[in-house]
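Descriptive analysis of the structure
The lines below spell out each chain.
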Amino acid sequence: MSPTPAATVGPPVQMEFDDNRLLPMLFGEHDRNLAAVEQALGVQLVTRGNRLAINGREHSVAIAQRALSALYQCLKRGHQIDRQVVDA
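On a predicted model such as this, the values are computed, not experimentally measured, just so you know. Sequence positions are assigned chain by chain, starting from 1 and proceeding in written order. Since the coordinates come from a predicted model, pLDDT governs what is reported: local features require at least 70, and pairs of side-chain atoms require 80 or more to be given and counted, while whole-chain, interface and lining totals use all residues. Side-chain numbers come from the whole structure's heavy atoms, not from hydrogens or water.

1. A short note on the nonpolar core
Here, nonpolar core means buried Ala, Val, Leu, Ile, Met, Phe, Trp, Tyr and Cys residues that are tied together by side-chain atoms lying within 4.5 Å of each other. When a residue's accessible area, from a 1.4 Å probe over protein chains only, is under 20% of the maximum for its type it is buried; when over 50% it is exposed; and in between it is partly exposed. Membership of the largest hydrophobic core comes to 21 residues, with the highest contact counts inside it found for Leu26, Leu45, Ile54 and Leu68. Runs of H or I in DSSP of at least four residues are treated as helices and runs of E of at least two as strands, each being numbered from the N terminus. Elements with a contribution of two residues or more to this core: α1 (23–27), α2 (32–41), β3 (51–55) and α3 (58–76). Among the elements that line this core, the one with the most residues is α3, at six residues.

2. Digging into α2
Within α2, the full set of buried residues consists of Asn33, Leu34, Ala36 and Val37. An end-on view of α2 places all buried positions within 160° of arc, on one side of the element. Where α2 is buried, its residues meet α1, β2 (44–48), α3 and α4 (83–87). Following α2 by one or two positions, Gly42 has its phi on the positive side, about 70°. Throughout, the arc means that of the directions going from the helix axis to the C-beta atoms. It only takes one pair of heavy atoms within 4.5 Å for two residues to be counted as in contact.

3. A word on unusual backbone geometry
At His30, a position not held by glycine, the phi torsion is positive, near 55°. With respect to the element layout, His30 can be found in the loop between α1 and α2. Not every positive phi belongs to a glycine, and Asp31 is a case in point at roughly 60°. Mapped onto the elements, Asp31 comes out in the loop between α1 and α2.

See the structure below:
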């Protein structure tokens, strides 16, 4: 019986945000929100300007992308996000 293949690591997923003013709130103070996402999902997030690269297993990358998109949309609608919202 062969072992189950490990989840595959695909190419990094690139995200681009159109409002730089919201990024400090999305990333969190000292990038704490990003660190929480990295720790919870086992991904690596790399920022450069208004772009974010997500590296890791395909499934985890997809979840991180959806979560960060949802958080960003909350900010665009004028809502605040805090660590509890990020953790949820």
